[in-house]
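Per-entry structural report
These are the residues of each chain, in order.
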Amino acid sequence: MSCIILGIETSCDDTGVAVVDAGDRVLANVLSSQTQLHADYGGVVPELASRGHSENIVHVFRGALQSAGIGLDDVDLIAVTRGPGLIGCLLVGVMVAKGLSWSTGTPVVGVNHLKAHVWASVLDRTARLAAPALCLIVSGGHTELLLVEEPDSVEGTLVGGTRDDAAGEAFDKVARLLGLGYPGGPVIDRLAAEYRGDLIDFPRPMLSDSSFDFSFSGLKTAVAVYLEERDIPEGRLSDEEQKRVAASFQEAVVEVLATKAQKAIRETGVRTLIAAGGVAANRQLRRRLRDLAGEMGVEIIIPPPKYCTDNAAMVAAAGYRRFLHHGDDGMELDANPSLSIRPVQR
Ligand code: KG4
Ligand code: ZN
């Protein structure tokens, strides 16, 4: 049955509006990236980001309706990211969603951005979410291992999480140390793929620790110390050395993520591994997780790279399921910058 969902994403630096039918068929997925706006600062400037959203949102919204070939009257449900994220940014999306809902009478639901990353797996009908599944969510602000027990709501138990810098944050900070600009993940991914030589043995934080938590700030410091010891000023590495540091850093992150995921699969006994979030676009991580799943005989689900990084189609997909379970959030809907993936008590 058709259900046209309008998804809105403004939690960080991408303004996204998407039109998705029946929770998985993407009719339009429009994104306006603010990368240029923040590039000079080496990271997202919250004030600039929220202003950027309010400038872009109407244009992006019109583009999405046009590209899907629909009018506002055709929309059955509005879904918007309500958290986690930057409060000024979230409020732009939430207020637009509530305004649209109020003026058209269309129901509106608020979506957890992290759960939306998991729902990206079903877009274009690439996969069905099975449970129980172990979910590795790796983004700019989060590194979480979640045992999903109820696939319809992506409810589950948090197995492990970030102690300090998230995986994506580490990519961005190391890219800055290497003078590679923002965001760091895609450029480190590209440079690492071009490198063929030996690797620097950077530390693998908390690798043999019994917990499933992550910590990447020490790894970033190890890269900084490596550069300092060689007296290399920011951005002054030779091309080959830049690739070597990028590849070595990436290898350390991928090894930690894959090893922790492997241990958690063994411990929980799940037969499905899902990887989601911006860092899941990383080619080496994708390869390593696929190999690991093959060796362990478990199913692996990783959304295509375009649905791993922030987008509004995943918000529409998550919003559809939320609406089926909880109905309309109505005008009570509010942004929550520190919304978490709530651990369910067993
Ligand atoms: O999920 P996302 O788009 O936004 C957040 O919710 O944070 O993730 C953004 C993060 C950034 O830190 C970015 O550098 C990283 O994902 N990223 C990557 C790649 N593409 C994006 N990291 C490693 N390799 C990539 N190919
Ligand atoms: Zn995200």
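I will try to describe carefully the structure that is included in this document.

The rules behind the values
Residues numbered from 1 in each chain as written. Chains lettered and ligands numbered in written order. Predicted model: local features only at pLDDT ≥ 70, side-chain atom pairs only at ≥ 80, totals over all residues. Heavy atoms only, no water. Pairing = 2+ DSSP bridges. Helix = DSSP H or I, 4+ residues; strand = E, 2+ residues; numbered from the N terminus. Axes fitted to C-alpha atoms, helices over the stretch in contact; angles between N-to-C directions. Buried < 20%, exposed > 50% of the residue type's maximum accessible area, 1.4 Å probe, protein only. Right-handed = clockwise from strand over helix to strand, strands pointing away. Contact = heavy atoms within 4.5 Å. Near = heavy atom within 4 Å. Polar contact = N/O pair within 3.5 Å; in protein donor to acceptor, adjacent residues only side chain to side chain. Areas by Shrake-Rupley, 256 points an atom, 1.4 Å probe, with all protein chains shown as cover. 1 Å grid on protein atoms, 1.4 Å probe; cavity = no way out; pocket = protein on both sides within 12 Å on 5 of 7 lines; lining within 4 Å. Sits in = over half its atoms within 2 Å of the grid points. Nonpolar A, V, L, I, M, F, W, Y, C, P; charged D, E, K, R; others polar. Points joined across faces, edges and corners; volume = space filled by probe spheres on them. Core = buried A, V, L, I, M, F, W, Y, C linked by side-chain atoms within 4.5 Å. Parallel < 35°, antiparallel > 145°, perpendicular 65-115°, else oblique. Donors = N, O, S within 2.8 Å, 3.2 Å for Na, K, Ca; no water.

Some details on the sheet that holds strand S10 (residues 299–301)
- Strand order in the open sheet made by the five strands is S8-S7-S6-S9-S10, with mixed pairing throughout. Because the sheet does not close on itself, it has two edges, and the strands there are strand S8 (155–160) and S10. Geometrically, the sheet is characterised by an average inter-axis angle of 25 degrees between neighbouring strands, direction not taken into account.
- Bridge count for strand S9 (residues 272–276) against S10 is three bridges, and the pairing is parallel.

Things to note about the pairing of strand S4 (residues 77–83)
- Among the seven residues that make up S4, six are buried, leaving the element largely enclosed by the rest of the structure.
- With four bridges connecting them, strand S1 (residues 4–9) and S4 associate as parallel partners. Residue Ile-5 lies in a different strand from S4, and its bridge partner there is Leu-77.
- Both S4 and strand S5 (residues 108–112) contribute to a ladder of five bridges, which runs parallel. Along S5, the bridge assignment pairs Val-80 with Gly-110.
- Taking the sense of rotation as the criterion, the β-α-β connection linking S4, helix H3 (residues 87–104) and S5 turns out right-handed.

Considerations on the sheet that holds S5
- The mixed open sheet is built from five strands, whose spatial order is S3-S2-S1-S4-S5. Looking at which strands have only one partner, the edges of the open sheet turn out to be strand S3 (25–33) and S5. Each adjacent strand pair in this sheet contributes to an overall mean axis angle of 20 degrees, direction not counted.
- With respect to the sheet, H3 is in contact with S1, S4 and S5, its orientation differing from that of S4 by roughly 155 degrees.
- Helix-sheet contacts for helix H11 (residues 313–326) involve S1, strand S2 (14–21), S3, S4 and S5, and the interaxial angle to S4 is about 105 degrees.

Remarks on the site of ligand 1
- Every one of the 20 residues lining ligand 1 counts as a neighbour, but Gly-140, Asp-172, Gly-185, Asp-189 and Asp-310 are closest to it.
- A distance of 2.9 Å is found between a nitrogen atom of ligand 1 and a side-chain nitrogen or oxygen belonging to Asp-189.
- A distance of 3.0 Å separates a nitrogen atom of ligand 1 from a polar side-chain atom of Asn-282.
- The protein chains hide 88% of the 550 Å² of surface that ligand 1 would expose on its own.
- The cavity where ligand 1 resides is the largest pocket.
- Among the elements of the structure, helix H4 (113–119), helix H5 (167–177) and helix H6 (184–194) are those that each provide at least two residues to the shell around ligand 1.
- Ranked by the residues each element gives to the shell around ligand 1, the list is headed by H6, at four residues.
- Classifying every residue of the shell around ligand 1 by side-chain character gives five nonpolar, 12 polar and three charged.

A short note on the layout of surface pockets
- In this model, the largest pocket occupies a volume close to 1100 Å³.
- Taken together, 39 residues line the largest pocket, and the ones lying closest to its centre are Cys-12, Ser-139, Gly-140, Asp-172 and Tyr-182.
- For the lining of the largest pocket, the secondary-structure elements that each account for two or more residues are S3, H4, H5 and H6.
- Of all the elements, H5 adds the most residues to the lining of the largest pocket, at six residues.
- Across the lining of the largest pocket, the residue classes break down as 14 nonpolar, 17 polar and eight charged.
- There is about 330 Å³ of room inside the second largest pocket.

A look at the nonpolar core
- Ranked by size, the top nonpolar core spans 51 residues in total, and within it Phe-202, Phe-216 and Phe-249 carry the most contacts.
- Going through the elements one at a time, strand S6 (133–138), strand S7 (143–150), H5, H6, helix H7 (217–229), helix H8 (239–268), S9 and helix H9 (283–296) are the ones with two or more residues in this core.
- In terms of residue count, the dominant contributor to this core is H8 (12 residues).
- If you look at the next biggest cluster of nonpolar residues, it comprises 35 residues, including Ala-116, Ala-120, Leu-129 and Leu-146.

Side note on the side chain of Thr-10
- Locating Thr-10 in the fold gives a position in the loop between S1 and S2.
- Not counting residues up to four positions away in its chain, the partners in contact with Thr-10 are Thr-15, His-53, Ile-57, Cys-89, Leu-90, Val-92 and Gly-93.

Quick notes on the packing of H5 against H6
- Here H5 crosses H6 at 70 degrees, and the two axes come no closer than 8 Å. Classified by the interaxial angle, the pair formed by H5 and H6 is roughly perpendicular. Residues Phe-171, Asp-172, Val-174 and Ala-175 of H5 form the contact with H6, whose participating residues are Gly-184, Gly-185 and Ile-188.
- Within the contact of H5 with H6, the residues separate by chemical class into four nonpolar, two polar and one charged.

So, the coordination of the zinc ion (ligand 2)
- In this structure, His-113 (NE2), His-117 (NE2) and Asp-310 (OD) serve as the protein donors to the zinc ion (ligand 2), at separations of 2.0 to 2.1 Å.
- Donor residues for the zinc ion (ligand 2) sit on one chain with the sequence pattern H-x3-H-x192-D. Separated by 197 residues along the polypeptide, His-113 in helix H4 and Asp-310 in the loop between helix H10 (305–308) and H11 bring together distant segments of the chain. The two residues His-113 and Asp-310 agree in class, both being buried.

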